[in-house]
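Close look at the chain arrangement
Here are the chains, one letter per residue:
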Amino acid sequence: WSTSALLELGYMALLPGMLAYVLWDVAVRKGNLILVASLSYLTPLLSTLFTILVLGVQPGPGLWIGALMVVAGALVCKQSITA
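Computed from a predicted model, the values in this text were never measured in an experiment.

1. Remarks on the overall build of the protein chain
When helices and strands are tallied, the protein chain shows 4 helices and 0 strands. Expected size for 83 residues packed as a compact globule is a radius of gyration near 12 Å; at 17 Å, the protein chain overshoots this value by more than 25%. Principal-axis analysis of the C-alpha atoms places the extent of the protein chain at approximately 55 × 40 × 15 Å. Here the protein chain holds 83 residues, and 7% of them are scored as buried. Taken as a whole, the protein chain presents about 6,700 Å² of accessible surface, with 75% of it coming from carbon and sulfur.

Next up, the structure:
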């Protein structure tokens, strides 16, 4: 453990979490709650795609099946809220 490693860990633990909370709060208060909630289900998919791009990993068929399941789940949740 070094000082720079601890600072990087603190940054990674605190800043993204605080930023996510603030943005979620603003979106829920001033935006379309149904749209915000529906898009929140796509966050794991976007994170996975970003990781694939950064790491240069070749996605397999299991990833695409999982991604389709996440999108289908988001659509079902959105449909159940608006119906």
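Now that the structure is up, let's keep going.
2. What to know about the packing of helix α1 (residues 3-30) against helix α2 (residues 33-40)
Look at α1 against α2: their axes get within 7 Å of each other, and the N-to-C directions meet at 145 degrees. Contacts between α1 and α2 involve Trp24, Ala27 and Val28 on the former and, on the latter, Leu33, Val36, Ala37 and Ser40. In the contact of α1 with α2, the residues fall into 6 nonpolar, 1 polar and no charged.

3. Considering the confidence of the model for the protein chain
When the pLDDT values of the protein chain are averaged, the result is 84; 98% of them are 70 or greater. Confidence scores differ between elements of the protein chain, with α2 showing the lowest mean pLDDT of 77 and α1 the highest of 88.

4. A closer look at the environment of Ser38
Positionally, Ser38 belongs in helix α2. Ser38 has contacts with Ala74 and Lys78, leaving out every residue within four places of it along the chain.

5. A closer look at the pattern of salt bridges
Side chains bearing opposite charge may pair, as long as their charged atoms lie close to each other. Under the defined criterion, the tally for this structure stands at 1 salt bridge. In this structure, Arg29 engages Asp25 in a salt bridge whose closest nitrogen and oxygen atoms are separated by 2.9 Å. Of this pair, Arg29 and Asp25 both sit in helix α1, separated by 4 residues, roughly a single helical turn. Judged by its relative accessible area of 67%, Arg29 is exposed. The exposure class of Asp25 is partly exposed, given its relative accessible area of 26%.

6. Overview of helix α3 (residues 43-55)
With 13 residues, α3 extends 18 Å between its outermost C-alpha atoms, agreeing within 8% with the 18 Å of an ideal straight helix rising 1.5 Å per residue. Gly56 sits one or two positions beyond α3 and adopts a positive phi of about 70 degrees.

The rules behind these values
- Residues numbered from 1 in each chain as written.
- Predicted model: local features only at pLDDT ≥ 70, side-chain atom pairs only at ≥ 80, totals over all residues.
- Heavy atoms only, no water.
- Helix = DSSP H or I, 4+ residues; strand = E, 2+ residues; numbered from the N terminus.
- Rg over C-alpha atoms; globule rule 2.2 N^0.38 Å.
- Buried < 20%, exposed > 50% of the residue type's maximum accessible area, 1.4 Å probe, protein only.
- Areas by Shrake-Rupley, 256 points an atom, 1.4 Å probe, with all protein chains shown as cover.
- Axes fitted to C-alpha atoms, helices over the stretch in contact; angles between N-to-C directions.
- Contact = heavy atoms within 4.5 Å.
- Nonpolar A, V, L, I, M, F, W, Y, C, P; charged D, E, K, R; others polar.
- pLDDT = per-residue confidence, 0-100.
- Salt bridge = Lys/Arg side-chain N within 4 Å of Asp/Glu carboxyl O.
- Expected span 1.5 Å × (residues − 1).

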